[in-house]
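Chain residues, written in single-letter form:
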Amino acid sequence: MVNFSFSLLSLEYYLLILVRIASFVAVAPFFGLSAVPTRVKIGLSATIAMIVFQLLPDPNFSYDGMISYGLIVLKEAATGLMIGAAANMCTYIVSFAGHIIDMQIGLSMAQQYNPMTRSQESITGTFYNYAVLLLLLTSNMYHYIIQAIVDSFSLVPVNGQIFQWEYLVRSMITFVTELFSIGFRIALPIFACMMAFDCVLGIMAKVAPQMNMFAVGIQIKLLMGYGVIMISIVLLPRAAEMIGEEMKLMMRMMVKGLYAG
């Protein structure tokens, strides 16, 4: 006969752990995609929360009433959302790079709906997004993401958040700087080739003004752009590695901004 019992305090403690993990899973890369069924997200969150509940020491928090407990719930939800969003924002680096590439090759007006992000994105940005996510999956990046939210309970215990807003703002400024830096590095081969091609078109327009360089150049530019993309696709693993390192850095900085350490 199975005799399973628990106290009300343990249930409340488990629910707080579940709130942080569920908030994290809802916005984290890979797990928070719209293609992932809601039942899978709920089951994954509940399973991880049960494992974490068994690993953590006995609860040592207290509250005065429902309002106080509700504030703790909001703090745990904010903690999970901030850590998950910090990792998810790094996926916008490839979208930014794809937007720059499409502006150079003449596809900036060709936007399509991306069901993963539920937003309009450029064609090249969507291609790069899927390719980089696939490369991150093969590198077991999702293991690190799960480990990050589990380890956050060691540094930021339940109801132990100390929001250091100044540090968090500096972290966001650092991320924006890295976004432009890594995004331009990904788009640099296509950007350089298109700039050289524009110079050639400008010279030809001066040498042979009777030719319609716009009608001729836009087609050659598109074909040349896709050719450079296919040649430079071998650099995507390095780009995925840089984005993975940026994810790790952002999650560490976000966790560091939630405790006084």
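First, a word on scope: everything that follows refers to the structure included in this document. (Residues numbered from 1 in each chain as written. Predicted model: local features only at pLDDT ≥ 70, side-chain atom pairs only at ≥ 80, totals over all residues. Heavy atoms only, no water.)

1. Thoughts on the packing of helix α1 (residues 8-27) against helix α3 (residues 66-88)
The N-to-C vectors of α1 and α3 enclose an angle of 30 degrees; their axes lie 7 Å apart at closest approach. As the angle between them shows, α1 and α3 are arranged roughly parallel. Where α1 crosses over α3, the two elements pack in a sense that is right-handed. For the pair α1 and α3, the contacting residues are Glu12, Leu15, Leu16, Val19, Arg20, Ser23, Phe24 and Val27 in the first and Tyr69, Ile72, Val73, Glu76, Ala77, Thr79, Gly80, Leu81, Ile83, Gly84, Ala85 and Asn88 in the second. (Axes fitted to C-alpha atoms, helices over the stretch in contact; angles between N-to-C directions. Helix = DSSP H or I, 4+ residues; strand = E, 2+ residues; numbered from the N terminus. Parallel < 35°, antiparallel > 145°, perpendicular 65-115°, else oblique. Left-handed = near helix turned anticlockwise from the far one by under 90°. Contact = heavy atoms within 4.5 Å.)

2. Let's talk about the pattern of salt bridges
Oppositely charged side chains can pair when the atoms bearing their charge come close. Summed over all chains, the structure comprises four salt bridges. Salt-bridge contacts for Glu166 lead to Arg170; the nearest nitrogen and oxygen are separated by 3.5 Å. With a gap of four residues between them, Glu166 and Arg170 both fall in helix α7 (residues 165-207), about one helical turn apart. When its relative accessible area of 44% is taken as the criterion, Arg170 is described as partly exposed. For Arg238, the salt bridge goes to Glu241, with nearest N and O atoms at 3.3 Å. Residue Arg238 and its partner Glu241 are located together in helix α9 (residues 236-256), separated by three residues, close to a single helical turn. Relative accessible area serves as the criterion here: at 44%, Arg238 is assigned to the partly exposed category. (Salt bridge = Lys/Arg side-chain N within 4 Å of Asp/Glu carboxyl O. Buried < 20%, exposed > 50% of the residue type's maximum accessible area, 1.4 Å probe, protein only.)

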